[in-house]
Amino acid sequence: MATKKCPNGHQYDPSIYGDNCPFCPSMAAGANSEKTAMLGGGNDAFGPIPAGGDFEAPTMRVNGGRSDDAGGRTVIRSAGADAQNDERRLVGLLVSYDTNKNGDVFKIFEGRNIIGRAATCDIPITADSKLSSQHLLILFREDGFTAVDQYSTNGSYINGEFLSEGKKLKTGDIIVVGATKFVFFAIPVF
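Here is a short report on the structure shown in this document. (Residues numbered from 1 in each chain as written. Predicted model: local features only at pLDDT ≥ 70, side-chain atom pairs only at ≥ 80, totals over all residues. Heavy atoms only, no water.)

This part is about the overall build of the protein chain. When helices and strands are counted, the protein chain shows two helices and 15 strands. The long-range fraction of contacts in the protein chain, counting pairs at least 24 apart against all pairs at least 6 apart in sequence, stands at 36%. (Helix = DSSP H or I, 4+ residues; strand = E, 2+ residues; numbered from the N terminus. Contact = heavy atoms within 4.5 Å.)

The element strand β10 (residues 144-149) is extensively covered by neighbouring structure, given that five of its six residues are classed as buried. When strand β9 (residues 136-141) meets β10, the two strands line up antiparallel, connected through six bridges. Each residue of the ladder has a partner; that of Phe 140, found in β10, is Phe 145. Two successive antiparallel strands, β9 and β10, enclose a turn made up of two residues. One ladder, built from three bridges, connects β10 with strand β13 (residues 167-169); its direction is antiparallel. Bridge pairing links Thr 146 to Lys 168 in β13. (Buried < 20%, exposed > 50% of the residue type's maximum accessible area, 1.4 Å probe, protein only. Pairing = 2+ DSSP bridges.)

In structure tokens, the structure reads:
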């Protein structure tokens, strides 16, 4: 099954959805391209969604990511981590070359971070059919990072070892969930 990646980074099956990404509000079937998009569940009101798919897909939030930071441009933020982490500090990164040959970087924030197939996960990998909807929890607390499998169907692996209970993570660990492989990097406190 060939997948397609929309301008916002969502992976989807074009044989089902054609050129319309099912995760993007302006591209979803029946969406009115002149309405205001309310994303993130808070007061994130963004201006009209431009017709024709002219999107700005940020990789980082600036000054808290409020609508006035976009310089009047519409900013589409993905479901998951960017929409839910307004107040949490960035503490780690996951890098994968499975979703994009040039590499994708996924942010890990303090507290709970869920990796899974569901679009509502903090790190959604919707194109991996071997992932459970909520597959792996990466938890950050003052004592460091812990990975806990969420009773997934195919299990999780860290450095080639099956994850049967919580395991502490360190920089350079290889995490495999479903058919997706990540390299984990902790961000030092400074």
